Amino acid sequence: MNSRSAPPKLKILILSTPVGALGSGLGGGVELTIANLARELRSRGHAIDIIAPTGSELGDLSIIQIPGELQLTAQTQEQAASIVMPGDPVLANMWAKARSIEHHYDIIFNTAFDWLPFYLTPFFDRPIAHFVSMGSQIAAIDLAINRVAIDFPGTIGVCTRTQAETFSFADLCCVVGGNGVDPAVYDYCETPEDSLAWLGRISPEKALEDAVAAADRTGIKLKIMGKIQDPLYWDKIQRDYPHAPIEYLGFLPTHELQQSLRTCRGMLMTPRWVEAFGNVAIEALACGVPIIAYRRGGPAEIITDGKTGFLVEPDSVEGLIAAIDRLDEIDRADCRHAAETVFSQSAWGNLVESWFYQLLDRKHAK
Ligand code: UDP
């Protein structure tokens, strides 16, 4: 590519997660990541197509719908787990489709945290930018990613440095950010009511029970929003804290989510695992809602302690309670400002777009 000419408009093929249809919530943060990135890149004049499981919906974005059985989510499996494919895997069907149309595109953006796309990488002509949205979960997947990191330098993109460090090949990963919000989609709220929020997939690695325990102890209402991925886990929390002042609002679309979130004094993030990024953190910031999070994984790189929230000792409910007491020290305008600048959709678009150009430059230089 000639560096003096204007950067070219690209044709980009996005491969979605195979664990659920877009819009179902089963894919977790990757769903919003794809939506925001596709809209941002399209607004810059790039052409975008998305391949995703049948039933996917993403507003005005066009989707190539692929049938097949969903993959198991990696976070529910052991490190030593084998790679398992169902009889008619949507993941394989999506990548077969990608192979049949790859020559219509300049670059492929993979968001599946699964073995197959890494294994298939050498069989594609077009460069694949792998957006790795989790830390190390399964040794077999780590190995497949590691091979690609060596054979296709620069193609492994991760959200945060802490996430990269869960892999033995951290130095071969490029930190490309996890997502960025469009501030126009979230309304800023200066004067909250006396309630807290907790958002996310309701699944053990998110440790919702710690936030419920903090609500139970402080008596402050906790609004819970998100997909119930593990119903038995959710039932247990309700049984363990029968009198906690919690309200479950369901899995809400973004415009409703921000309406309930923005009126909260603070949001609690209680991950037991190393969260790669934490979309809900930047959504809270966009509403002006400070975050109290365990000092672990992505949230610890998103939150500025004492300015946009508080980072507390991991797994300490006491720490959450002490920070709740200090929420009024945070200027909510600082939270909104962080979402408008560092964590905006356009800032993230800059990072990803330049990553794509670098990969294409490398490919052309070969
Ligand atoms: N979310 C949503 N509706 C809800 C609660 C959450 O759409 O009621 C979305 C939220 O916008 C975010 C995602 O769920 O994009 C959770 O992503 P995050 O990165 O926080 O965690 P992950 O699920 O990827 O581990």
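Residues numbered from 1 in each chain as written. Predicted model: local features only at pLDDT ≥ 70, side-chain atom pairs only at ≥ 80, totals over all residues. Heavy atoms only, no water.

1. With respect to the overall build of the chain
Then step 1. Along the backbone of the chain there are 13 helices and 13 strands.
Then step 2. Here the chain has a C-alpha radius of gyration of 20 Å; the compact-globule value for 366 residues is 21 Å, and the two agree.
Then step 3. The dimensions of the chain, computed from C-alpha atoms along their principal axes, are 60 × 50 × 40 Å.
Then step 4. Scored against the burial criterion, the 366 residues of the chain give a buried share of 57%.
Then step 5. Long-range contacts, defined here as pairs at least 24 residues apart, represent 69% of the contacts in the chain between residues at least 6 apart. (Helix = DSSP H or I, 4+ residues; strand = E, 2+ residues; numbered from the N terminus. Rg over C-alpha atoms; globule rule 2.2 N^0.38 Å. Buried < 20%, exposed > 50% of the residue type's maximum accessible area, 1.4 Å probe, protein only. Contact = heavy atoms within 4.5 Å.)

2. Examining the pattern of salt bridges
Then step 1. Applying the stated rule across the entire model yields 21 salt bridges.
Then step 2. The residue Arg 201 makes a salt bridge to Glu 205 at a minimum N-O spacing of 2.8 Å.
Then step 3. Between Glu 247 and Lys 221 there is a salt bridge; the shortest N-O distance is 3.1 Å. One end of the pair, Glu 247, is in strand E10 (residues 246-250); the other, Lys 221, is in strand E9 (residues 221-225), with 26 residues separating them in the sequence.
Then step 4. Taking relative accessible area as the criterion, Glu 247 reaches 33% and is therefore assigned partly exposed.
Then step 5. Ionic contacts of the salt-bridge type, sharing partners, join the residues Glu 209, Asp 210, Arg 272, Arg 296 and Asp 315 into one network. (Salt bridge = Lys/Arg side-chain N within 4 Å of Asp/Glu carboxyl O.)

3. Description of the layout of surface pockets
Then step 1. Looking at the second largest pocket, its volume works out to about 220 Å³.
Then step 2. Of the residues that constitute the lining of the second largest pocket, the class distribution is 6 nonpolar, 2 polar and 5 charged. (1 Å grid on protein atoms, 1.4 Å probe; cavity = no way out; pocket = protein on both sides within 12 Å on 5 of 7 lines; lining within 4 Å. Points joined across faces, edges and corners; volume = space filled by probe spheres on them. Nonpolar A, V, L, I, M, F, W, Y, C, P; charged D, E, K, R; others polar.)

4. Here we look at the sheet that holds strand E8 (residues 195-199)
Then step 1. Spatially, the 6 strands line up as an open sheet ordered E10-E9-E8-E11-E12-E13, and their pairing is parallel. A single partner strand is all that each edge strand has here, and the edge strands are E10 and strand E13 (309-312). With strand direction ignored, the average angle separating the axes of adjacent strands in the sheet is 25°.
Then step 2. Pairing of E8 with E9 involves 5 bridges; the strand directions are parallel. From the neighbouring strand, Ser 195 faces E9, where its bridge partner is Lys 221.
Then step 3. Of the strands in this sheet, E8, strand E11 (266-269) and strand E12 (291-294) touch helix H9 (residues 279-287), which is tilted by about 170° from E11. (Pairing = 2+ DSSP bridges. Axes fitted to C-alpha atoms, helices over the stretch in contact; angles between N-to-C directions.)

5. A short note on the packing of helix H8 (residues 254-261) against H9
Helix packing geometry: the angle between the two helix axes and the distance between the axes.
Then step 1. In the contact formed by H8 and H9, the axes pass within 10 Å of each other and the chain directions differ by 60°. The pairing of H8 with H9 is recorded here as oblique in orientation. Read as a crossing pair, H8 and H9 show a hand that is right-handed. Side by side, H8 and H9 meet where Thr 254, Leu 257, Gln 258 and Leu 261 of the first sit next to Glu 283, Ala 284 and Cys 287 of the second.
Then step 2. Each residue belonging to the contact of H8 with H9 can be placed in one class, and the counts come to 4 nonpolar, 2 polar and 1 charged. (Parallel < 35°, antiparallel > 145°, perpendicular 65-115°, else oblique. Left-handed = near helix turned anticlockwise from the far one by under 90°.)

6. Quick word on the side chain of Ser 316
Then step 1. Looking at the secondary structure, you find Ser 316 in the loop between E13 and helix H11 (317-325).
Then step 2. A polar side-chain atom of Ser 316 sits 2.8 Å from the main-chain amide nitrogen of Gly 319. (Polar contact = N/O pair within 3.5 Å; in protein donor to acceptor, adjacent residues only side chain to side chain.)

7. A look at H11
Then step 1. Taken together, the buried positions of H11 are occupied by Val 317, Gly 319, Leu 320, Ile 321, Ala 323 and Ile 324.
Then step 2. Looking at the packing, one finds that the buried side of H11 touches E8, helix H6 (208-218), E11, E12 and E13.

8. Comments concerning the site of the ligand
Then step 1. As a matter of local geometry, the ligand sits amid 17 residues, with Gly 29, Arg 201, Lys 206, Leu 252 and Glu 283 nearest to it.
Then step 2. In this structure, an oxygen atom belonging to the ligand sits 2.7 Å away from a main-chain N or O atom of Gly 29.
Then step 3. Between an oxygen atom of the ligand and a main-chain N or O atom of Val 280, the distance comes to 3.3 Å.
Then step 4. Relative to its free-state accessible area of 540 Å², the ligand is covered by the protein chains to the extent of 90%. (Near = heavy atom within 4 Å. Areas by Shrake-Rupley, 256 points an atom, 1.4 Å probe, with all protein chains shown as cover.)

9. Digging into the nonpolar core
Then step 1. Ile 50, Leu 208, Met 267 and Phe 356 are the most contacted members of the largest nonpolar core, which has 88 residues in total.
Then step 2. Contacts of Ile 50, omitting those with residues within four sequence positions, involve Ile 14, Leu 22, Ile 34, Ala 38, Leu 58, Leu 61, Ser 62, Ile 63 and Ile 64.
Then step 3. Phe 113, Met 134, Ile 141 and Ala 149 belong to the second-largest nonpolar core, a separate cluster that totals 20 residues. (Core = buried A, V, L, I, M, F, W, Y, C linked by side-chain atoms within 4.5 Å.)

10. Side note on the pairing of strand E5 (residues 128-132)
Then step 1. For E5, the tally of buried residues reaches 5 of 5 residues, placing the bulk of the element in the interior.
Then step 2. Side-chain alternation along E5 places Ile 128, His 130 and Val 132 on one buried face and Ala 129 and Phe 131 on a second face that is also buried.
Then step 3. Where strand E4 (residues 107-110) and E5 come together, 3 bridges link them in parallel fashion. Residue pairing across strands places Asn 110 opposite His 130, the latter belonging to E5.
Then step 4. In terms of handedness, the path from E4 via helix H3 (residues 115-120) over to E5 forms a crossover that is right-handed.
Then step 5. Examined bridge by bridge, E5 and strand E6 (residues 156-158) share 3 bridges and lie parallel to one another. (Right-handed = clockwise from strand over helix to strand, strands pointing away.)

11. A look at the environment of Arg 217
Then step 1. Looking at the element boundaries, Arg 217 is found in helix H6.
Then step 2. Along the chain, Arg 217 and Phe 356 lie 139 residues apart, while their C-alpha atoms are 48 Å from each other.
Then step 3. Beyond its immediate chain neighbours, meaning those up to four positions away, Arg 217 contacts Val 317, Glu 318 and Ile 321.

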